[in-house]
Amino acid sequence: MTSSQLLPVVEDFVQLCTDGFLQGWHECNGGNLSYRLRPEEVEQLRKSLGKSATSSEWTPLGLKADNLAGQYLITTAAGCHFQNVAKHPLNTTGIVELNEQGDAYRIVWGFADGAAPTSELPSHILNHSVRTEVTGGKSRVIYHAHPKNTIALTALLPLDARIITRSLWKVMTECILVFPQGVGVLPWMMPGSIEIARASSKLFRIHDAVIWAHHGLFVAGDDFESAFGLMHSIEKAADIYLRARSANKGSDDFPNTISDDDLRAIADRFGLAVNEAFLDDNCLI
Ligand code: 2HA
Ligand code: ZN
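Residues numbered from 1 in each chain as written. Chains lettered and ligands numbered in written order. Predicted model: local features only at pLDDT ≥ 70, side-chain atom pairs only at ≥ 80, totals over all residues. Heavy atoms only, no water.

(A) Layout of the nonpolar core. Formed by 77 residues in total, the largest nonpolar core has its most connected members in Leu33, Leu45, Ile95, Ile125, Tyr143, Leu168 and Trp169. The biggest single contributor to this core is helix α10 (residues 224-247), with 10 residues. The next biggest cluster of nonpolar side chains, apart from the first, holds 10 residues, and it includes Ile196, Phe204, Phe218 and Ala220. (Core = buried A, V, L, I, M, F, W, Y, C linked by side-chain atoms within 4.5 Å. Buried < 20%, exposed > 50% of the residue type's maximum accessible area, 1.4 Å probe, protein only. Helix = DSSP H or I, 4+ residues; strand = E, 2+ residues; numbered from the N terminus.)

Shown next as structure tokens:
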């Protein structure tokens, strides 16, 4: 059975992997993606798998996500290249079921030839858990990529969420519309660790995007389109900031930026729940 016969949403999942690769965000095995299935999709999956359903043994997660107990996630495979996801979905993606305690998973489909879920599974699970809670269940996608301008920003700017958010908001008008709560920022931490997963999920309480210094960006979205759009907007604004700065001889004292009054006006006009702590009259750039 092909993956799209199994579940149409797998096609959208695969499409995002291809789109991200074409943006240059997924060198080698960089990045990972997960999607939390809707109840009707779980129902359809069970029907499609029928008697052919095979489940692996339960594998402990090393963490507990109570509100994800019994839920199903599609994830990319550890070590897979996004470039190959469309060609080999059965080897590069799969579906896991969480147990009734929310502390272990088993594979119910995919991950052929000994593949396993993404090395960043702890971050995906804890980020899903928090975003599911704070969005009342709307959030379904967690996406991690290695976009170069965002990573370059972390070599240059203080690793401070307020400073980095304002740097992005003030160079591209639509930024505050796309991420009104700003971006969270973590210092360098060990990839794949429970520690980085816990630290990220704490920031996902406030933000729907978290930068990992010298590594990449995690975003959350209700669907694939909004997660991809958020990744794209942050990366584009980082590109604009770096271009402006290098054209300005490396100085962050730009002749022109969007003022705090203008940012506030956008927030008012579009009724945004903007992060007030990141807005003030003391322009830093
Ligand atoms: O190798 O991106 O963060 C996949 C990753 C780990
Ligand atoms: Zn990564």
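(B) Layout of the pattern of salt bridges. Taken as a whole and assessed by the stated rule, the structure comprises seven salt bridges. Where Glu97 meets Arg106, a salt bridge forms, and the shortest distance between an N and an O atom there is 2.9 Å. Between Glu276 and Arg264 there is a salt bridge, with its nearest N and O atoms 3.1 Å apart. Pair noted here: Glu276 is in the segment after α11 (260-269) and Arg264 is in helix α11, with a separation of 12 residues, a long-range link. Judged by relative accessible area, Glu276 falls into the partly exposed class, the value being 45%. A relative accessible area of 28% means that Arg264 is categorised as partly exposed. Through salt bridges with shared partners, a single ionic network connects Arg166, Lys170 and Asp260. (Salt bridge = Lys/Arg side-chain N within 4 Å of Asp/Glu carboxyl O.)

(C) Seen up close, the pairing of strand β4 (residues 93-98). Of all six residues in β4, six are buried; the element is thus mostly enclosed. In β4, alternate side chains face the same way, and those of Thr93, Ile95 and Glu97 on one face and Gly94, Val96 and Leu98 on the other are all buried. Looking at chain direction, strand β3 (residues 72-76) and β4 are connected through five bridges and run antiparallel. Bridging from a neighbouring strand, Leu73 pairs with Val96 of β4. Pairing analysis gives five bridges linking β4 to strand β5 (residues 104-110), with the strands arranged antiparallel. Paired with Val96 across the strands is Ile107, a residue of β5. In this structure, the hairpin formed by β4 and β5 is closed by a connection of five residues, where Gly102 is found at a positive phi of approximately 70 degrees. (Pairing = 2+ DSSP bridges.)

(D) Structural view of the site of ligand 1. Around ligand 1 lies a shell formed by Asn29, Gly30, Gly31, Asn32, Glu120, His144, His146 and His215. Between ligand 1 and His144 there is a distance of 3.3 Å, counted from an oxygen atom to a side-chain nitrogen or oxygen. Contact between ligand 1 and His215: an oxygen atom at 2.9 Å from a side-chain N or O atom of the residue. Its free accessible area being 220 Å², ligand 1 has 86% of it covered by the protein chains. Of the residues assigned to the shell around ligand 1, the class counts are no nonpolar, seven polar and one charged. (Near = heavy atom within 4 Å. Polar contact = N/O pair within 3.5 Å; in protein donor to acceptor, adjacent residues only side chain to side chain. Areas by Shrake-Rupley, 256 points an atom, 1.4 Å probe, with all protein chains shown as cover. Nonpolar A, V, L, I, M, F, W, Y, C, P; charged D, E, K, R; others polar.)

(E) Layout of the side chain of Asn127. Here Asn127 lies in helix α5 (residues 121-134). A residue is classified by how much of its surface remains accessible, and Asn127, at 0% relative accessible area, is buried. Polar contacts involving the side chain of Asn127 include one to the main-chain amide nitrogen of Ser201, which spans 3.3 Å. In contact with Asn127, other than residues within four places in its own chain, are Ile142, Ala197, Ser200, Ser201, Phe204 and Phe218. (Contact = heavy atoms within 4.5 Å.)

(F) Main features of the environment of Phe179. Mapped onto the fold, Phe179 is located in the loop between α8 (175-178) and β7 (184-186). Given the relative accessible area of 0%, Phe179 is considered buried. As a C-alpha pair, Phe179 and Val274 span 95 residues in sequence and 8.4 Å in three-dimensional space. Once residues within four sequence positions are removed from consideration, Phe179 is found in contact with Leu168, Trp169, Asp208, Leu230 and Ile234.

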